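# Understanding the architecture of this molecule
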Amino acid sequence: MRSIAFENSSALGEWHVVTPEYPPQTGGVSDYARLIADGLAADGCVVQVWCPSLRDGDGDRSVVEPSPPRVHVRRELGRFSPGDLRRAGLLLDARPGPRRLLVQYVPHGYGYRSANVAFCAWLLKRARVAGDRVEVVIHEPFLEFARWSWKRNAAAAAHRVMAAMLLLAARRVWVTTPAWGELLRPYALGRPVDFRWLPAPSTVPVLEDAALTSDVRGRYSVAAAGASLVVGHFGTYSAHVFELLEQTLPALLARRPEVSALLMGRGSAEARARLIELHPELGARLHATGQLPPRELSAHLAACDLMLQPFPDGVSCRRTSVMAALAHELPVATTRGRFTEPLWAESRAVALAPAGDTAALTDTAARLLADGRARASLARAGRSLYRAKFDVSNIVAALRGGDSPGRVGASLLTEEVKA
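Parameters at a glance
Residues numbered from 1 in each chain as written. Predicted model: local features only at pLDDT ≥ 70, side-chain atom pairs only at ≥ 80, totals over all residues. Heavy atoms only, no water. Helix = DSSP H or I, 4+ residues; strand = E, 2+ residues; numbered from the N terminus. Buried < 20%, exposed > 50% of the residue type's maximum accessible area, 1.4 Å probe, protein only. Contact = heavy atoms within 4.5 Å. Areas by Shrake-Rupley, 256 points an atom, 1.4 Å probe, with all protein chains shown as cover. Pairing = 2+ DSSP bridges. Axes fitted to C-alpha atoms, helices over the stretch in contact; angles between N-to-C directions. Core = buried A, V, L, I, M, F, W, Y, C linked by side-chain atoms within 4.5 Å. Right-handed = clockwise from strand over helix to strand, strands pointing away.

## Overview of the overall build of the chain
A count of helices and strands for the chain gives 15 helices and 13 strands. In the chain, which comprises 419 residues, the share counted as buried stands at 55%. Sequence separation of 24 or more characterises 74% of the internal contacts of the chain that already satisfy a separation of 6 or more. Taken as a whole, the chain presents about 18,100 Å² of accessible surface, with 53% of it coming from carbon and sulfur.

Quick look at the structure:
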């Protein structure tokens, strides 16, 4: 009966979003937290955002849009030290209860070399002593163990201790892909845990600007080749993704002389430089933007004819780069791997090649570049899937307690998943 009273309390109209980064700090979790805070505020909630203090180099503050009136950014978590956490706890205690904490969780986000056990202990205390309702959004659960690094294995072990503490603290655990629920379930140690699916929406707003998009397209297309096309990639260029791009893009451009490539996102300039070092012949046809403000990024995405988004573990509902492409109604060629949910094949919203099979991915992308009708059909299917399952309005509805038409927010298996 206590949970029913808790849900009906008017104080739950105020949300406390706890996040390791928030604009102008850059990163996927930062963008996601801003999107969720703004979405909850637009739905009538008051949102207190608890985040770390700003440091030198934490993004360009002049390009950050002001927060909506109901969103209050409180940079009281400092560097997530025990003293910072105690101070934030006292400030939280001053807010009306019962308090609802929505924690954006990546183990490496809270400092202390990704092993901040004290942060998880603080959340457990907030739940058990202060009486807060703690809900956790799992963006990444923990590192995998590896034979080649004792340091990595020490961090991986600490992450599992942290995960067990989080599951003790949490009333509900939101996972951006169902695979995270499967990985986390053993660390509930036999207790029932309410795992819920909350896919990541696009963090790039669709800002239709035909003139700017046309200018971008003219800047990067291969004018000398006649009916030129632009293939794009948006991401952060991790070592594993770069390896897949290095094996795919040069072969694709060699087969399609009318195609140029546009790399977007943080790390794209460095990735371009490395690709040109390995493949000097690509110099005139391979471009990079670096990190862009939202309006320009939206125009650069819209200028692409096809998005090439390979992942070593496969596309999944946590990939905000793919969500950005779908939201912009762009056809996507990507990979199917161990974390790929069935809906991607069932919806036919993206073109899939087996993860690791770069020849198959190259063939898939080349066929799409040769067939405008197939690209248009794929783009429409992707946009339809995005509206049905991934739009931020669905995410906010799930957080507030109502499942979307696409069952976003539904329990992963049954009404309550038993660990």
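Read on for the rest.
## Some remarks on the sheet that holds strand S9 (residues 259–264)
Taken in spatial order, the six strands make up an open sheet running S10-S9-S8-S11-S12-S13, and their pairing is parallel. On the outer flanks of this sheet lie strand S10 (286–288) and strand S13 (351–354), each paired with one strand and no other. Shown here is a sheet whose adjacent strand axes are inclined to one another by a mean of 30°, direction ignored. Sheet topology places strand S8 (residues 229–234) next to S9; six bridges connect them, and they run parallel. Bridging across to S9, Leu229 finds its partner in Val259. Packing of helix H11 (residues 320–327) onto the sheet brings it into contact with S8, strand S11 (306–309) and strand S12 (332–336), and relative to S11 it is tilted by some 170°.

## Here we look at the environment of Leu91
Locating Leu91 in the fold gives a position in helix H3 (residues 82–93). Assessed through its relative accessible area of 27%, Leu91 is described here as partly exposed. In this structure, the C-alpha to C-alpha distance between Leu91 and Glu76, residues 15 residues apart in sequence, is 8.7 Å.

## Considering the nonpolar core
With 62 residues, the main nonpolar core has Leu249, Leu301, Met307, Leu326, Trp344 and Phe390 as its most contacted residues. Once residues lying within four places of it in the same chain are set aside, the contact partners of Trp344 are Val315, Ser316, Cys317, Val322, Met323, Leu326, Ala349, Val350, Leu352, Leu385 and Phe390.

## Description of the pairing of strand S5 (residues 133–138)
On a regular strand, each side chain points to the face opposite its neighbour's, so the side chains alternate between the two faces of the sheet. Taken across its six residues, S5 has six buried, putting it largely inside the fold. Two elements, strand S4 (residues 100–105) and S5, share six bridges in a ladder whose sense is parallel. Bridge pairing links Arg100 to Arg133 in S5. With helix H4 (residues 117–128) bridging S4 and its parallel neighbour S5, the resulting β-α-β unit is right-handed. With five bridges joining them, S5 and strand S6 (residues 170–175) adopt parallel strand pairing. The partner of Val136 across the bridge, within S6, is Val173. Note that the unit made of S5, helix H5 (residues 150–169) and S6 has a crossover that is right-handed.

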